[in-house]
Amino acid sequence: QVQLKESGGGLVQAGGSLRLSCAASGRTFNDYAMGWFRQALGKEREFVAAINRSGASTYYADSVKGRFAISRDNAKNTVYLQMSRLKPEDTAVYYCAASRDYSILAEAFGSWGQGTQVTVSS
């Protein structure tokens, strides 16, 4: 499995932007589809965005579509989540995850980062 570590979280005002990064270890990053999930306090983990192995295909939850953008740089073993027009409802711990298959299901992702806190103030 690949080891993942998120960074870039923090406190931002509503309407602002943040870019999360997820650095992957190992030499097989290109073998994995990647996803971002989030979990707000007291709520279930939810899917945010996914990207296939090459980066040619992406998929977004309706709640973030048009505001968030997932991308990857396989040469740098890194996946990104650019978050714009942030809302207080986006406040959550954001997790990066890797799967062998392109999926929006948490069960399909076998490797997870430790999470990074994103707090959006109103």
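Throughout what follows, the structure given in this document is the object of discussion. Since we're looking at a predicted model, the values are computed, not measured.

Chemically, a disulfide is nothing more than a covalent bond linking the sulfur atoms of two cysteines. Taken as a whole and assessed by the stated rule, the structure comprises one disulfide. The disulfide partner of Cys22 is Cys96, and the S-S distance across this bridge is 2.1 Å. One quick way to see it: the torsion about the S-S bond of Cys22 and Cys96 is about -80°, and its sign makes the bridge left-handed. Here Cys22, found in strand 3 (residues 18-24), pairs with Cys96, found in strand 9 (residues 92-99); they are 74 residues apart in sequence, far enough to count as distant.

Our focus in this paragraph is the layout of surface pockets. Each pocket or cavity is described by its volume, and for the largest pocket that value is around 200 Å³. Along the walls of the largest pocket sit Arg38, Gln39, Ala40, Leu41, Lys43, Glu44, Glu46, Glu89, Thr91, Ala92, Val93 and Gln117, which together make up its complete lining. For the lining of the largest pocket, the elements supplying multiple residues, two or more each, are strand 4 (33-39) and strand 9.

Each value, and the rule that gives it
- Residues numbered from 1 in each chain as written.
- Predicted model: local features only at pLDDT ≥ 70, side-chain atom pairs only at ≥ 80, totals over all residues.
- Heavy atoms only, no water.
- Disulfide = S-S within 2.5 Å.
- Helix = DSSP H or I, 4+ residues; strand = E, 2+ residues; numbered from the N terminus.
- 1 Å grid on protein atoms, 1.4 Å probe; cavity = no way out; pocket = protein on both sides within 12 Å on 5 of 7 lines; lining within 4 Å.
- Points joined across faces, edges and corners; volume = space filled by probe spheres on them.

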